[in-house]
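Listed below are the residues making up each chain.
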Amino acid sequence: HRQQGSSCTELLRIRGGRKGVSAKHTASEVAAKTALATQNAGGGKAGLADRKGGKAGHAKFICPLCKQQAPSMKNMQAHYDSKHPKDVLDPAACQNAHEIYGGTTQGVAVQGTAVAAKKKKKGDK
């Protein structure tokens, strides 16, 4: 049952456009689709462990004095300045957690990387 005064163009707008014309997507729709493809979510226990950074965590360097972790040498210098002001930072003494534990996150549940890997594998054959 159509309302009085409704035109054909209004009907087309309600149905989602004309046949053969691609839909225009909003920026939020595109952003949501990209987030779902690239966000590391799900994956069960393996995905949870991966999001936490595995055994290494997300930080790379380990303070030799207090075992506090820092993601970069610049952050480690800031840590030394605030927590160990009397000591001098020796970059060689800082352990590299990624080398010890074999890296950090693997992207277990990132759908976009799985699709990209599948395409790459398919292209190699």
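To start, this report covers the structure provided alongside it. Note that the structure is a prediction, hence the values are computed from the model and not measured.

### Remarks on the overall build of the chain
A tally of helices and strands in the chain yields 6 helices and 3 strands. Start at the N end of the chain and walk to the C end: the helices and strands fall as α-α-α-β-β-α-β-α-α. In the chain, of all internal contacts separated by at least 6 residues, the share reaching a separation of at least 24 is 51%. A total of about 10,100 Å² of accessible surface is found on the chain, and carbon and sulfur atoms cover 55% of it.

### Observations concerning unusual backbone geometry
Phi at lysine 67 takes a positive value of approximately 70°, unusual for a residue other than glycine. Tracing the chain through its elements places lysine 67 in the loop between strand E1 (61-62) and strand E2 (69-70). Of the residues examined, lysine 67 reaches a relative accessible area of 52% and is grouped as exposed.

### Some remarks on the sheet that holds E1
Strand order in this open sheet of 3 strands is E2-E1-E3, and the pairing throughout is antiparallel. Each end of this open sheet is capped by a strand with a single partner; those strands are E2 and strand E3 (95-96).

### A few points about the environment of glutamine 68
Position of glutamine 68 relative to the elements: it lies in the loop between E1 and E2. Measuring from C-alpha to C-alpha, the distance between glutamine 68 and histidine 79 comes to 8.6 Å, with 11 residues separating the pair along the chain. Here glutamine 68 is in contact with Phe61, Ile62, Cys63, Met76 and His79, once residues within four sequence places are set aside.

### Digging into the side chain of histidine 79
When you line up the elements, histidine 79 lands in helix H4 (residues 73-83). Since its relative accessible area comes to 11%, histidine 79 is described here as buried. The contact partners of histidine 79, leaving out residues within four places of it in the chain, are Cys63, Cys66, Gln68 and His84.

### Some thoughts on the environment of histidine 98
Checked against the element boundaries, histidine 98 lands in helix H5 (residues 97-101). For the pair histidine 98 and phenylalanine 61, spaced 37 residues apart in the sequence, the C-alpha separation amounts to 8.2 Å.

### Things to note about the state of the cysteines
Enumeration over the complete set of coordinates arrives at 0 disulfides. Of the cysteine sulfurs around cysteine 66, a residue in no disulfide, the closest is that of cysteine 63, at 3.7 Å.

What counts, and at which threshold
- As a convention, each chain's residues are numbered from 1 in the sequence order in which they are written.
- Where local features are concerned, this predicted model is filtered to residues with pLDDT of at least 70; where side-chain atom pairs are given and counted, the filter is 80 or more; whole-chain, interface and lining totals use all residues.
- Side-chain figures throughout are based on the complete set of non-hydrogen atoms in the structure, without hydrogens or water.
- Segments assigned H or I by DSSP are reported as helices when at least four residues long, segments assigned E as strands when at least two residues long, and all are numbered from the N terminus.
- For this analysis, residues touch if any pair of their heavy atoms sits within 4.5 Å.
- Here, Shrake-Rupley sampling with a 1.4 Å probe gives the accessible areas, and only protein chains in the shown set may cover a residue.
- When accessible area is computed with a 1.4 Å probe and restricted to protein chains, residues below 20% of their type maximum are described as buried, those above 50% as exposed, and intermediate ones as partly exposed.
- Two strands form a pair only when DSSP identifies at least two bridges running between them.
- The disulfide criterion is simple: two cysteine sulfur atoms within 2.5 Å.

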